[in-house]
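Residues per chain are reported as follows:
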Amino acid sequence: MAPAQERPEPVFERIHLPNAKRLWLPFADLPPQATASVQDLVHSLSQLAPEGFVLRGCPPALIGALKHRQSGQSLCSGREALLDLQGDHFERKKIRALIRRGNRHGRVIEISPFSNSAQTQVLQLCERVLTRYPVQLRHLYRHSGKAPLRLMGFESEAGQLLGLISLSRSGQQTWHTEQMLRRPDAPVGMMAALLEAVFLRLQAEGYAYWSLGEVPFYPLLPPQNLKESLLQQAGRSLDPVYSAEGLFKFKAKFRPWWRPVYLYGSPDLSWAVLWDLFRASRCSDLAWRALALRGAALLGK
C-alpha cells in the first residue's frame, strides 16, 4: 500500500511586529489546486504563530469562519472592488469615451516576467512613479520581482510603457490586482483602456471574477468602534501623499460589487498591533510626509 501523500502547506510571508510580538502574514502562496479548509488554515496559523498573528484584506466569510473556530478580533479596514467577468462594467458612454481616448495612444501588451527588456521597462515606469510618490506603502501588495505575477501593460506608439497592472491568482476562477501603475504624464483614458483589455482577456479565458483590490480607509458602513474610527481618520489624513478617496472614485467608475474587508488579529488587535502595522506598512512615513507638505503650504501662505 502506497504511503498517503502529505497535504502541501501554504507558504506565508512573515513580518515580525516587535512591540506586539506577533506575526503579520500579509501574503500566502497557496499550493496548486489547494482545497484546504478554514480549519486547516487555522491549524497552520496556530503552528506558525503560537503567540498570535495578524491578517489583512479578509472578506466577511473568512472572518466569520475564523471567529467560529478560535478567539480573535476584527476591524473593518476598507472595501474591495469586484468585477463580474460576465458583467457590463465598461458599457457606459463616459467609460467608452475614455477608452477610445486611451486607445489612440498605443496598445495593451502582456509582459513576460522572463524578458529582460520588458523588466527594464517596468523598472523605468516604477522610477517615474517614484519621482511623484517617493514614499511607497510596503507589504500591502506583491512585487513582480518576488512573486509569480501576471503583468499587463499599456505601450505607447514609441514603445514606452505608460501603465501597468499586475495580477495574482486568488482562486480557481478569480484574479486579484496587486498594483496599478500609471506614468505621471500618461494620456487621459489610458488606464481605462488597460483595464478593459485585462477584463476582456480574463473573460475570454473563462474566469468568473476579477478584484480591482482594496480601497483602504473607506468602509461600506460608519465606524463601529473607536479603533475603526481612528483607523479611518489616520488613513484619510494621508490624502496629500496617498489619496484613498481618489482611488475610490476611480474604481467606482466601473460600478463594481463592493464588499467589506477586514483586519483580523489572534488573539486580538491591540493598540500595539495597530501601531506596529502603521509603521511596518510605511503609513507612518507617509503621515510625516503629509504633515511636512501641509506645513510647507502654510508657510508658503
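The rules we used
- Residues numbered from 1 in each chain as written.
- Predicted model: local features only at pLDDT ≥ 70, side-chain atom pairs only at ≥ 80, totals over all residues.
- Heavy atoms only, no water.
- Core = buried A, V, L, I, M, F, W, Y, C linked by side-chain atoms within 4.5 Å.
- Buried < 20%, exposed > 50% of the residue type's maximum accessible area, 1.4 Å probe, protein only.
- Helix = DSSP H or I, 4+ residues; strand = E, 2+ residues; numbered from the N terminus.
- Expected span 1.5 Å × (residues − 1).
- Pairing = 2+ DSSP bridges.
- Axes fitted to C-alpha atoms, helices over the stretch in contact; angles between N-to-C directions.
- Parallel < 35°, antiparallel > 145°, perpendicular 65-115°, else oblique.
- Contact = heavy atoms within 4.5 Å.
- Nonpolar A, V, L, I, M, F, W, Y, C, P; charged D, E, K, R; others polar.
- Left-handed = near helix turned anticlockwise from the far one by under 90°.
- Salt bridge = Lys/Arg side-chain N within 4 Å of Asp/Glu carboxyl O.

## Observations regarding the nonpolar core
In this structure, Phe90, Ile165, Val198 and Trp210 are the most contacted members of the largest nonpolar core, which totals 37 residues. Among the elements of the structure, strand E6 (73-84), helix H3 (93-103), strand E8 (150-156), strand E9 (161-169), helix H5 (190-204), strand E11 (209-216) and helix H9 (283-300) are those that each provide at least two residues to this core. Among the elements that take part in this core, H5 stands out by supplying nine residues, more than any other.

## Topic: H5
For H5, with 15 residues, the first-to-last C-alpha span of 21 Å sits near the 21 Å given by 1.5 Å per residue. Along H5, the residues that are buried comprise Met190, Met191, Ala192, Ala193, Leu194, Leu195, Glu196, Val198, Phe199 and Leu202. Residue Gly206 follows H5 closely and has a positive phi angle near 90°.

## Thoughts on the sheet that holds strand E5 (residues 53-58)
Here we have 10 strands laid out as an open sheet, ordered E2-E3-E5-E12-E6-E11-E10-E9-E8-E7, and mixed in their pairing. Every other strand in the sheet has two partners, leaving strand E2 (15-17) and strand E7 (106-111) as the edge strands with one partner each. Taking the axes of each pair of neighbouring strands and ignoring which way they run, one obtains an average angle of 30° across the sheet. Examined bridge by bridge, E6 and strand E12 (residues 257-266) share nine bridges and lie antiparallel to one another. What sits directly across from Ser74, in E12, is Tyr264.

## Let's talk about the packing of H3 against H5
As a packed pair, H3 and H5 sit with axes 7 Å apart at the nearest point and diverge in direction by 100°. One finds that H3 runs roughly perpendicular with respect to H5. Of the residues in H5, those touching H3 at Arg96, Leu98, Ile99, Gly102 and Asn103 are Met190, Ala192, Ala193 and Glu196. Residues belonging to the contact of H3 with H5 are distributed by class as follows: five nonpolar, two polar and two charged.

## Re the packing of helix H6 (residues 226-236) against helix H8 (residues 271-280)
Axis separation between H6 and H8 bottoms out at 12 Å; the angle between their running directions is 15°. Of the possible angle classes, the one that applies to H6 and H8 is roughly parallel. As for how H6 packs across H8, the hand of that crossing is right-handed. For the pair formed by H6 and H8, the contact residues are Leu226, Lys227, Leu230 and Ala234 on the first element and Trp271, Leu274 and Phe278 on the second. Looking at the contact of H6 with H8 residue by residue, the class counts come to six nonpolar, no polar and one charged.

## Observations regarding the pattern of salt bridges
For side chains of opposite charge, pairing can occur when their charged atoms come near one another. The full count for this structure, using the stated rule, is 11 salt bridges. A salt bridge links Glu110 to Arg201, with the nearest nitrogen and oxygen atoms 2.7 Å apart. On the criterion of sequence distance, the pair formed by Glu110 in strand E7 and Arg201 in helix H5 is long-range, its members being 91 residues apart. In this structure Arg201 comes out as partly exposed when scored by relative accessible area, which is 33%. The residue Asp185 makes a salt bridge to Arg183 at a minimum N-O spacing of 2.7 Å. Residues joined in a network through salt bridges with shared partners are Glu110, Arg150, Arg201 and Glu205.

## Things to note about the pairing of strand E10 (residues 174-182)
As defined by bridge partners, E9 adjoins E10 across seven bridges and the pair is classed as antiparallel. Note that in E10 the partner of Ser168 across the bridge is His176. Linkage of E9 to E10, two consecutive antiparallel strands, is achieved through a turn of four residues. Two elements, E10 and E11, share three bridges in a ladder whose sense is parallel. Following the sheet pairing, Thr174 is matched in E11 by Tyr209.

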